[in-house]
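# Tertiary structure, described
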Amino acid sequence: MNQVKIIASGKYLPQAILSSEIETKYNLRKGWSEKYSGVQKRHHVTFESNGYMGARAIEDALNNSELDLSDIDLIVSASGTFDYIIPNQSSIIKSELKEGLKYNIPTIDIDTTCLSFVTAFEIVAKILDGKQYKNIILVSAEVSSNGLNPSNPETLTLFGDAAAAFILTFDASGKSNLIKGMTKTYSEGAYQTIIEGGGNKNWFRENPFNESQYTFKMNGKQLLKLAKNNIRDFLDEFFDDLSQSIDDIDIIVPHQASKIGLMLFKQMYPQKSHLVMENLSEYGNCIAASIPLLLHQCIENRKIERGELCLTLGTSAGFSIGASLFKY
């Protein structure tokens, strides 16, 4: 077990956009978004960047703690979207902090798209040692709205923008800890979720902008099939070497991938469906910010108490399934 304790969290949300506004703007039938995507509203950036939102979420987390930026030993950006190809996103977020130029805190990025927070939480928990790393900030800042294709209602109505930040500390008492983290990648789904343009495979100079190549594509049916075929086996293996089982979990914080995805998981584990937290209707799918935003809400609303077991679980582009089990 890794001795890690969540001591504070924070968030930043840009302007709220109602589903009715999107439906009117893009000539969709009234109620389409809620019926098919399960989303009533989401937040979309106007002037904000990933860096701006991430910095504000970090400052909110610091305000909710007894720490200052000078107490932080590392800043980790756990996100799938970014402001620039170079430099790394965490360095941009740090530069946007009010005191970002004052302290030379190291910054790194961890990107497993929608699972970035889950992956980063596991890695950070393992390097927290109470010596070199006492306090680490983990931040997920996602702007999905810039990459959506207006001609694809499935993705247009599903995704939102948000940022959430957590301060993790080494817990000398051992009362709070990461029990296990695990990720598996099923490469038959590698190209089922993609933005084709912008990388070295389809570089800008040789590939002038067109809507299809430079916007988000998702084969929802194939992704659901992959999830349905693999999640149960994944969780059986996850708990196989643990003294705990899924029946011991106090709260489940899943990625808000889609309305059908959440329903699928609940159908697999009906005995735990009442413990599955959701905020899809309020915020949409916020990529890697979904899980930390929902976890922040759960902590803020006292849905989870100290000493309780929390399971975070999700899927991501690539195609991966990941989970972490920790004692809050």
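Our structure's up above, just so we're on the same page.
Below or above, wherever it landed, is the structure these notes cover. (Residues numbered from 1 in each chain as written. Predicted model: local features only at pLDDT ≥ 70, side-chain atom pairs only at ≥ 80, totals over all residues. Heavy atoms only, no water.)

Take the pattern of salt bridges next. Counted by the stated rule, this structure contains 8 salt bridges. A salt bridge links E237 to K184; its shortest N-O distance comes to 3.4 Å. Taken as a pair, E237 in helix α7 (residues 220-240) and K184 in strand β8 (residues 177-185) lie far apart in primary sequence, 53 residues in all. For K184, a relative accessible area of 29% puts it in the partly exposed group. A salt bridge links K217 to E196; the nearest nitrogen and oxygen atoms lie 3.1 Å apart. Highlighted residues: K217 in strand β10 (residues 217-218) and E196 in the loop between β9 (193-194) and β10, separated in sequence by 21 residues. (Salt bridge = Lys/Arg side-chain N within 4 Å of Asp/Glu carboxyl O. Helix = DSSP H or I, 4+ residues; strand = E, 2+ residues; numbered from the N terminus. Buried < 20%, exposed > 50% of the residue type's maximum accessible area, 1.4 Å probe, protein only.)

With respect to the element layout, F117 can be found in helix α5 (residues 116-127). What makes F117 buried here is its relative accessible area of 2%. Once you skip the residues sitting within four places of it in the chain, F117 turns out to touch A78, L138, S140, F166, A288, I291, P292 and L295. (Contact = heavy atoms within 4.5 Å.)

Counting residues in hydrophobic clusters, the biggest one holds 40 residues, and the most contacted among them are L235, F238, F239 and L325. Among the elements of the structure, β8, α7, α8 (259-268), β12 (309-316) and β13 (320-327) are those that each provide at least two residues to this core. Sort the elements by how many residues they give to this core and α7 lands first, with 8 residues. Once residues within four sequence positions are removed from consideration, L235 is found in contact with I246, F265, Y269 and L313. In terms of nonpolar packing, the next biggest core, distinct from the first, is built from 32 residues, F117, L128, F166 and I291 among them. (Core = buried A, V, L, I, M, F, W, Y, C linked by side-chain atoms within 4.5 Å.)

With that out of the way, let us pick up the sheet that holds strand β7 (residues 162-170). Pairing in this open sheet of 5 strands is mixed, and the strands run β1-β7-β6-β4-β5 from one edge to the other. In this open sheet, the two strands that pair with only one neighbour each are β1 (4-12) and β5 (107-110). Adjacent strand axes in the sheet meet at a mean angle of 20 degrees when their direction is disregarded. Both β1 and β7 contribute to a ladder of 8 bridges, which runs antiparallel. Along β7, the bridge assignment pairs V4 with F170. (Pairing = 2+ DSSP bridges. Axes fitted to C-alpha atoms, helices over the stretch in contact; angles between N-to-C directions.)

The values reported here are purely geometric and, on their own, carry no functional implication.
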